[in-house]
Amino acid sequence: MAFGAFANTGPDLSASAPRRRSYVALILLAPGILYLVATFVAPLGSLVLTSFKEPGGDFEVGEYVYAFRWENYAEALGRFGEIFLRTFGYSLLATIFALIISYPLAYFIGVTLRRFPLWQSLVLILVIAPFFISFLLRTLAWKAVFSDEGPVVGFLQAIGVFGPEQYLNGTAFTVVFGLTYNYIPFMTLPIYASLERLDLRYVEAGGDLYAGPVQRFWRIILPLSLPGVVSGTLLTFIPASGDYVNASKDFLGSTNTVMAGNVINDLFFQSFYPVSAAVSILLMVAILIPVIAYVAKSGSEDLL
Amino acid sequence: MIPIVYTIVFSFNDARRTNIVWRGFTLDNWLGICDDDRVCEAFGNSIVVGVTATIAATVLGTMIAIAIVRYTFRMRTLITVLLFLPMATPEVVLGSGLGSQFVNMGVERGLWTIIVAHIMFCISFVVVTVRARVASLDPSLEEAGRDLYASPGQVFWRVTLPLLMPGILAAALLCFALSFDDFIITNFVSGNAETFPKFVYVAASRGIPPQSNVIASAVFFLAIILVVIAQLSAGARRRKLAKTG
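My aim in this report is to walk through the structure given alongside it, one point at a time. All figures in this text were calculated on a predicted structure; none of them were measured in a lab.

**Side note on the state of the cysteines**
As used in these notes, a disulfide is a covalent bond between sulfur atoms, one from each of two cysteines. Residue and element names in this part refer to chain B. All chains considered together, the criterion is met by 1 disulfide over all chains. What pairs with Cys-122 in a disulfide is Cys-175, and their sulfur atoms sit 2.4 Å apart. One quick way to see it: the torsion about the S-S bond of Cys-122 and Cys-175 is about 100 degrees, and its sign makes the bridge right-handed. Placement of Cys-122 in helix 6 (residues 111-135) and of Cys-175 in helix 8 (residues 152-181) is noted, with a sequence separation of 53 residues between them. Note on accessibility: Cys-122 and Cys-175 belong to one class, buried.

**Observations regarding the pattern of salt bridges**
Residue and element names in this part refer to chain B. One pass over the structure, following the stated rule, counts 1 salt bridge over all chains. Residue Arg-70 pairs with Glu-142 through a salt bridge whose shortest N-O separation is 3.2 Å. Here the residue Arg-70 occupies a position in helix 3 (residues 37-70), and Glu-142 occupies one in helix 7 (residues 139-147), the gap between them amounting to 72 residues. Take Arg-70 and Glu-142: they sit in the same class, and that class is buried.

**Structural notes on the packing of helix 2 (residues 71-110) of chain A against helix 10 (residues 273-297) of chain A**
All names here are of chain A. The contact between helix 2 and helix 10 brings their axes to 10 Å, and the two run at 45 degrees. In terms of orientation, helix 2 lies oblique with respect to helix 10. The hand of the helix 2/helix 10 crossing is right-handed. In this structure, helix 2 contributes Asn-72, Tyr-73, Glu-75, Ala-76, Leu-77, Phe-80, Phe-84, Thr-87 and Phe-88 to the contact, and helix 10 contributes Pro-274, Val-275, Ala-278, Val-279, Ile-281, Leu-282, Leu-283, Ala-286 and Pro-290. Looking at the contact of helix 2 with helix 10 residue by residue, the class counts come to 15 nonpolar, 2 polar and 1 charged.

**Things to note about the interface of chain B and chain A**
How large an interface is tends to be reported as the accessible area lost when its parts come together. Between chain B and chain A, the contact holds 73 residues from the first and 80 residues from the second. A combined buried area of about 7400 Å² lies between chain B and chain A, and 76% of that area is made up of carbon and sulfur atoms. Between chain B and chain A we count 0 salt bridges in total. Counting the contacts that link chain B with chain A gives 6 residue pairs in polar contact (both at pLDDT 80 or more). At the level of secondary structure, the elements contributing two or more residues to the side of chain B that touches chain A comprise helix 1 (2-9), helix 3, helix 4 (76-88), helix 5 (91-105), helix 6, helix 9 (184-189), helix 10 (196-204) and helix 11 (210-244) of chain B. When residues in the side of chain B that touches chain A are grouped by element, the largest group, 11 residues, is from helix 5 of chain B. In terms of residue class, the side of chain B that touches chain A is made up of 52 nonpolar, 17 polar and 4 charged.

**As for empty space enclosed by the protein**
Under the criterion given, the structure shown has 1 cavity of 30 Å³ or more. Thr39(A), Phe40(A), Pro43(A), Leu44(A), Val93(B), Leu94(B), Gly97(B), Leu98(B) and Met120(B) are the residues that line the largest cavity. Secondary-structure elements contributing two or more residues to the lining of the largest cavity are helix 1 (22-50) of chain A together with helix 5 of chain B. Split by residue class, the lining of the largest cavity holds 7 nonpolar, 2 polar and no charged.

**Thoughts on a nonpolar patch on the surface**
On the surface, a nonpolar cluster with roughly 610 Å² of combined accessible area is contributed by Phe88(A), Leu92(A), Leu93(A), Ile96(A), Phe97(A), Ile100(A) and Ile101(A). With respect to the helices and strands, the residue Phe97(A) is situated in helix 2.

**Here we look at the packing of helix 1 of chain A against helix 6 of chain B**
Packed helix pairs are specified by the crossing angle of their axes together with the interaxial distance, meaning the distance between the axes. One can describe the packing of helix 1 of chain A onto helix 6 of chain B by two numbers: an axis separation of 10 Å at closest approach and a directional angle of 120 degrees. Our classification of the angle between helix 1 of chain A and helix 6 of chain B gives oblique. In this structure, the crossing between helix 1 of chain A and helix 6 of chain B has a hand that is left-handed. For the pair formed by helix 1 of chain A and helix 6 of chain B, the contact residues are Gly32(A), Tyr35(A), Leu36(A), Thr39(A) and Phe40(A) on the first element and Ile115(B), Val116(B), Ile119(B), Met120(B) and Ile123(B) on the second. Classifying every residue of the contact of helix 1 of chain A with helix 6 of chain B by side-chain character gives 8 nonpolar, 2 polar and no charged.

What counts and what doesn't
- Residues numbered from 1 in each chain as written.
- Chains lettered and ligands numbered in written order.
- Predicted model: local features only at pLDDT ≥ 70, side-chain atom pairs only at ≥ 80, totals over all residues.
- Heavy atoms only, no water.
- Disulfide = S-S within 2.5 Å.
- Helix = DSSP H or I, 4+ residues; strand = E, 2+ residues; numbered from the N terminus.
- Buried < 20%, exposed > 50% of the residue type's maximum accessible area, 1.4 Å probe, protein only.
- Salt bridge = Lys/Arg side-chain N within 4 Å of Asp/Glu carboxyl O.
- Axes fitted to C-alpha atoms, helices over the stretch in contact; angles between N-to-C directions.
- Parallel < 35°, antiparallel > 145°, perpendicular 65-115°, else oblique.
- Left-handed = near helix turned anticlockwise from the far one by under 90°.
- Contact = heavy atoms within 4.5 Å.
- Nonpolar A, V, L, I, M, F, W, Y, C, P; charged D, E, K, R; others polar.
- Buried area = accessible area lost by both parts, 1.4 Å probe.
- Polar contact = N/O pair within 3.5 Å; in protein donor to acceptor, adjacent residues only side chain to side chain.
- 1 Å grid on protein atoms, 1.4 Å probe; cavity = no way out; pocket = protein on both sides within 12 Å on 5 of 7 lines; lining within 4 Å.
- Points joined across faces, edges and corners; volume = space filled by probe spheres on them.
- Patch = residues over 30% accessible without salt bridge, like charges linked within 9 Å, V, L, I, M, F, W, Y side chains within 5 Å.
- Areas by Shrake-Rupley, 256 points an atom, 1.4 Å probe, with all protein chains shown as cover.

The following block contains the structure:
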């Protein structure tokens, strides 16, 4: 159910018994699956092949031949090892901050506001409202807020925390802030979806059995909302780790905050396809390993 | 909330090329949205891409969703993994993969390659959304249709599909929203074609014209109105059900 909770998955799937008429299933599945094979599996394969290519004989930018060249990976790791660590660190921080902000918010909407459907809808609309405005423009708005002439730097200088030479934009702080801000709805919605279905009688029963508020949270509420937390974490961590907008220098980042996504983007557009492909493959593997471990540990029976 | 307010306020800024410093209130940007014609062209491209990709992905995804819930077949696990992986892969990897595929094959990139990419990443989200609806569908309603001598086609078009419609519409809206706001994948597969997010990204280094704030604000208001209407009508339906039931 990892991602299912995001879409507010309904009741159990056994409601209609599966029938065995596999030729109909084949007709229904074939177009979509073939499409995914052509546009997702094949490009991944091509990415793997590209990552082993080397510059062609008469070297011109963008001309490469297949050569089983492991050096691309060595180069990717050697040159960008630090960037991989940074990518992982930033995404992890953003995920943790988003969780800290989203959980109480989701609890407030899903449980506290349950008696007031109108307010519940309104606050929910506020949470998803950022989705409706281009995320690039939203990120640029933060850049303006954090700019040297902006209110935040001005305030920090006024109270003496910041000297006249200090700045915010282009630091790790603004990049992690941007990532956190941009992915909060992805964290809040799945947690809300699972808390909204939480049967409060369990919590009452816990109270009747003399469980304190802390115990009731740790042993009843949190475990029951765990599917939402799992999908929220994935929906935040995965896109954050591949993001190259927040960290790019035209937005909230600088050359000191480069993330793996920026590297892939820059190399790709300089036509250094093999190394770009090697970085992509490394990023995908680096992301998939913790994701699979996390999904396995949190016991998700069904991925969809 | 701050960025939303900022974007809307700055759509009224009296600025020409770069929209960073507040220069006073004006309605010119709203009245002359297309004064910077590249903004409008990019916006039009976004609509074309969004609508085409949404229709295709919704059809393909709905077919898969029905098959997954209703039928048993071989390689089920493999297909589930295949549907899960595009959602678990960072967008840069999807984008650079498809992008380098197009480069390798010598395909010229443009609007239609953007559409191809958007259909790809939408399908999984459509499957997840519609599948929930198929699963909660009461099979006895379809049985009733068959008992009344409806052909399988009639049952599908007159019973199954209308009952699935709310899920399908939700999936289509989600897909359109994802497509409309996607920049990361689009950037790799777009060639010279510009969508609205790509226009904003390219303009970010040399200054955003205020018209882009106008378009973003207009889309924002439209979306909010649609959501409020949907919420209100859902609430009204619930109250009606509570009364009659």
